[in-house]
Amino acid sequence: MTDIIDLVRAGAPAEELAAAPLPATTRAVFVRRDEQAMFEGMASADKDPRQSLHVGEVPLPELAPDEAFVAVMASSINFNTVWTSIFEPLPTFGFLDRLGKESAWGKRHALDYHVVGSDAAGVVLRVGSAVRNWKVGDVVTVQCNYVDDQDPSAHDDSMMASNQRIWGFETNFGGLADIAVVKANQLMPKPAHLTWEEAAVNGLCNSTSYRMVVSRNGAPVTQGDRVLIWGASGGIGSFAVQYVLNAGGTPIGVVSSPEKAAMLRELGCEHVIDRREKNYQFWSDPHTQNEAEWRRLGKDIRALVGDDPDIVFEHPGRSTMGASVFVTRRGGTIVTCAATSGYMIEYDNRHLWMKLKTIKGSHFSNYREAWAANQLICDGRIVPPLSAVFELEQTGEAAYQVHHNQHEGKIGVLCAAEREGLGVTDPELRARVGEDRLTIFRRHN
Ligand code: NAP
């Protein structure tokens, strides 16, 4: 391990970090361009991230004026790292090559390896000459919206920017590394009451759910709203449940096991549907949907909360979208950010137009939304759904578990942190939020 990382671990002051030399390389998790066809012809489920995600030393690039080097104490597994690792729907090297054509600084990203990871909690090691709001030694988390602030379309809502990207997915030098490269406008303060690994699992999923069900850019929940949440104990779902509760709404969480249902109830979600127990068959065969089964789900929701959902939090995609559009109440909204089970979606449009429903697309969040979502974590009003922690060397196994839906909530990954449980600087706030509440997902795992 490098000297500067040892200094970070020892809590050295900023001056010492600034005086210590940066290493030429960093340990990182990456996929390789020469392996991007390795799974060709295989079924998705057989494509194994343990084969494609490598851990090794890679060179640190030169720092651009608007960037920072961050010592990553912990990171997390997001589904986008699963997509990168199985080269679906496309190998991510195409994204890097496109970025490489945009500018001299962009060129650094178009490499034969792609360092992945879209979350990080850590310490700023260096800032570029144009960085004003952050300095060496700052303790931070990272949000993954990567935008060019010289692009006019990035102003207003930066998620509308024509060249908006997700860091560590559509850019190189991501968070699953000991040292990552970020733009300064990705940095946010680390919640002081959380450990490194608890702080590292929120940036991507928390911000995504915030935009979907809190921000005016999504489908904001108001008091009394009933919200059906697919995958309610998963990454984005577990944040959505908390936001709906905070807004005075009623979440109806869908999960696939009694253990997950118990965990959700402890989080405060009273109404839970176990989709495995109910054995919904929304598709009678790969080409035909079954309206009677959509209706059965609708009845189950009414039996729990007395009416149809005002909002459906969608992301499984092909397997559930027909049902989601059907069960949403007249005038309600289906807000979607993904299509895990398939992106060629089918639903009965009559149920959409005749009942004046809206399908709202949503993608990650802008910096303002990510900042607001992070502040709610800092205030202890949203808790991290950390369920398990892996070493950086075990990233392939961690991604495999997410790929096969064997996890709950979020999986944290220790990068430069020596062990779990470090990084808390506000134990009083931690005690106020409550150890029990902060560890719901770990205790149920
Ligand atoms: P996750 O932790 O794996 O959670 C997804 C949950 O969805 C699972 O826990 C599972 O819950 C449920 N699920 C999976 N397949 C399903 C199916 N066929 N039918 C019904 N439920 C199903 O993943 P995540 O981090 O929450 O991400 C979910 C999706 O959103 C991924 O595709 C990811 O790429 C995407 N995403 C998009 C953005 C964005 O900015 N656009 C941001 C974050 C995530 P049960 O088995 O318990 O029902």
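Refer to the structure presented above.
Residues numbered from 1 in each chain as written. Predicted model: local features only at pLDDT ≥ 70, side-chain atom pairs only at ≥ 80, totals over all residues. Heavy atoms only, no water.

Undergrad: Explain the site of the ligand to me, please; I cannot follow it from the model alone.
TA: Taken together, 26 residues sit near the ligand, with Ser256, Arg275, Thr340, Phe364 and His407 positioned nearest. Within the side chain of Trp83, an N or O atom sits 3.1 Å from an oxygen atom of the ligand. Here Gly235 contributes a backbone N or O atom positioned 2.9 Å from an oxygen atom of the ligand. Here the ligand has 910 Å² of accessible area as a free molecule, and 89% of this is covered by the chains. With three residues, helix 7 (residues 203–213) is the single largest residue contributor to the shell around the ligand. For the shell around the ligand, a count of residues per class yields 10 nonpolar, 14 polar and two charged. Shared between two domains, the shell around the ligand takes at least three residues from each, and those domains are domain 1 (2–205 + 366–444) and domain 2 (219–361). (Near = heavy atom within 4 Å. Polar contact = N/O pair within 3.5 Å; in protein donor to acceptor, adjacent residues only side chain to side chain. Areas by Shrake-Rupley, 256 points an atom, 1.4 Å probe, with all protein chains shown as cover. Helix = DSSP H or I, 4+ residues; strand = E, 2+ residues; numbered from the N terminus. Nonpolar A, V, L, I, M, F, W, Y, C, P; charged D, E, K, R; others polar. Domains from an automatic or database assignment.)

Undergrad: What should I look at first to understand the packing of aromatic side chains in this one?
TA: Aromatic rings in a pair are described by how distant their centres are and how their planes are angled relative to each other. One pass over the structure, following the stated rule, counts 10 aromatic pairs. Each ring, one from Phe95 and one from Phe169, has its centre 5.5 Å from the other, and the planes form 55 degrees; the classification is tilted. Taken together, the positions of Phe95 in helix 5 (residues 93–100) and Phe169 in the loop between strand 8 (165–166) and strand 9 (179–183) put the pair 74 residues apart, joining distant regions of the chain. The residues Phe95 and Phe169 share a single accessibility class, namely buried. Linked through ring pairs, Trp134, Tyr367 and Trp371 together constitute an aromatic cluster. Sitting over the ring of Trp196, Lys190 keeps its end group 5.3 Å from the ring centre. (Phe/Tyr/Trp six-rings, centres within 6.5 Å; stacked < 30°, edge-to-face > 60°. Buried < 20%, exposed > 50% of the residue type's maximum accessible area, 1.4 Å probe, protein only. Lys NZ or Arg CZ within 6 Å of the ring centre and 35° of its normal.)

Undergrad: Quick question: what am I supposed to make of unusual backbone geometry here?
TA: Excluding glycine, most residues fall at negative phi; most peptide bonds, likewise, are trans. Following Glu88, the chain continues to Pro89 via a peptide bond in cis, the omega torsion being -10 degrees. Structurally, the position occupied by Pro89 is in the loop between helix 4 (79–85) and helix 5. One non-glycine residue, Phe173, lies in positive phi territory at about 60 degrees. Looking at the element boundaries, Phe173 is found in the loop between strand 8 and strand 9. At Phe364, a position not held by glycine, the phi torsion is positive, near 25 degrees.

Undergrad: Before we go on, may I ask you to explain the sheet that holds strand 18 (residues 358–361) in this structure?
TA: Hydrogen bonds between backbone atoms are what pair the strands of a sheet, whose relative direction is either parallel or antiparallel. Read across the sheet, six strands follow the order 13-12-11-16-17-18 without closing on themselves; strand pairing throughout is parallel. If you trace the sheet from one side to the other, it starts and ends with strand 13 (271–274) and strand 18, each paired once. Adjacent strand axes in the sheet meet at a mean angle of 20 degrees, parallel and antiparallel pairs treated alike. Bridge analysis of strand 11 (residues 226–229) against strand 12 (residues 250–255) gives four bridges, and the strand direction is parallel. Across the sheet, Arg226 pairs through a bridge with Thr250, a residue of strand 12. On the sheet, helix 7 packs against strand 16 (311–314) and strand 17 (333–336) and is oriented at approximately 150 degrees with respect to strand 16. (Pairing = 2+ DSSP bridges. Axes fitted to C-alpha atoms, helices over the stretch in contact; angles between N-to-C directions. Contact = heavy atoms within 4.5 Å.)

Undergrad: Explain the nonpolar core here, please?
TA: Within soluble globular proteins, side chains that are nonpolar generally end up buried alongside one another. In terms of nonpolar packing, the biggest core is built from 106 residues, with Trp167, Leu187, Ile229, Tyr243 and Leu264 touching the most fellow members. The biggest single contributor to this core is strand 3 (residues 67–76), with seven residues. Look past the residues within four positions of Leu264 in its chain and what remains in contact with it is Ala232, Ser233, Val241, Gly253, Val255, Cys269 and Val272. In this structure, Ile273, Tyr280, Ile334 and Leu352 belong to the second largest nonpolar core, which totals 20 residues. (Core = buried A, V, L, I, M, F, W, Y, C linked by side-chain atoms within 4.5 Å.)

Undergrad: Explain the environment of Arg132 to me, please; I cannot follow it from the model alone.
TA: With respect to the helices and strands, the residue Arg132 is situated in the loop between strand 5 (120–127) and strand 6 (139–142). For Arg132, a relative accessible area of 73% puts it in the exposed group. C-alpha of Arg132 to C-alpha of Ser387: the two residues are 255 residues apart in sequence and 36 Å apart in space. Separated by 3.3 Å, the side chain of Arg132 and the backbone oxygen of Ala130 make a polar contact.

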